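Observations on chain architecture
Single-letter residue listing:
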Amino acid sequence: MNRIDLRLATLATALLSAAILGAALLSQYVGGLQPCVLCVYQRWPYVATILLGLAGFALARRHPGAARAMLGLAGLVFLVGSGIAFFHVGVEQGWWQGTSGCGAPAGGAMTLEDLRAQVLAAPVVRCDEVPWSLLGISMAGYNFIISLALAGAALWAAARRTEDGDNA
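Residues numbered from 1 in each chain as written. Predicted model: local features only at pLDDT ≥ 70, side-chain atom pairs only at ≥ 80, totals over all residues. Heavy atoms only, no water.

1. Looking at helix α2 (residues 37-59)
Here is the rule we go by: Strands here are runs of E lasting at least two residues and helices are runs of H or I lasting at least four, both read from the DSSP assignment and numbered beginning at the N terminus. The span one expects for a helix is its residue count, reduced by one, times 1.5 Å. Relative accessibility thresholds used throughout: buried, under 20% of the residue-type maximum; exposed, over 50%; partly exposed, between the two (1.4 Å probe, protein chains only).
Here α2 is 23 residues long and its end C-alpha atoms lie 34 Å apart, about the 33 Å a rise of 1.5 Å per residue gives. Those residues of α2 lying buried are L38, Q42, R43, P45, Y46, T49, I50, L52, G53 and G56.

2. Focus: helix α5 (residues 139-159)
The end-to-end C-alpha separation of α5 is 30 Å, in line with the 30 Å expected for 21 residues at 1.5 Å each. Of all the residues in α5, the buried ones are A140, G141, N143, S147, L150, A151, A154, A157 and A158.

3. Considering the confidence of the model for the protein chain
Where we set the bar: Values of pLDDT, the confidence the predictor places in each residue, fall between 0 and 100. Whether two residues are in contact is decided by their heavy atoms, any of which lying within 4.5 Å being enough.
In this model, the protein chain carries a mean pLDDT of 82, and residues with pLDDT of at least 70 account for 82%. In this model, residues 162-168 is a region of pLDDT below 50 whose contacts with residues beyond four sequence positions or in other chains number 14 contacts.

4. So, the packing of aromatic side chains
Counted only if it meets this: Two rings belonging to Phe, Tyr or Trp (six-membered ring only in the last case) form a pair when the distance between their centres is within 6.5 Å. Interplanar angles under 30 degrees mark stacking, angles over 60 mark edge-to-face geometry, and anything in between is tilted.
Across all of its chains, the model carries six aromatic pairs by this definition. Their ring planes at 55 degrees and their centres at 5.8 Å tell us that F86 and W96 sit as a pair that is tilted. With F86 in helix α3 (residues 64-93) and W96 in the loop between α3 and α4 (112-121), this pair connects stretches of sequence that are 10 residues apart. On the basis of relative accessibility, which here comes to 34%, the residue W96 falls in the partly exposed class. A ring pair is formed by W95 and W96, whose centres lie 5.8 Å apart and whose planes are at 70 degrees; its orientation type is edge-to-face.

Pasting the structure below:
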């Protein structure tokens, strides 16, 4: 892969991650789909891959090896994201139980009255319920598929060699 291709691969990593994260935020703030704790956990790998993609893009011309490393790390982060999404799919399907935060409001209450007010004010979003699906696949399911595909693409691009044998 030549340096221009490496720059495009790292930029594509950042842009695709931003688009996916943006779609999740749009579904929440425009579509009204409140995320459960596992949904929120699935967003963090995209934040990391945006940063890794941008760092790789910035390094690609002068330090192609470092850019390739950023792309490889992004691939590993996508694998982590696919693992989180797979775990969430398993919770949705009843294959296993979710985390202690699934269906429970976030902490921060110092007194019993604070806890009561927090519980009454917070919408309970359960991890084992599917609020949206398309063709029988939930958002977590699509995230698993997309994260796995992006992991494969990033790792493949990071390992690809040019015609002259240089990793660039």
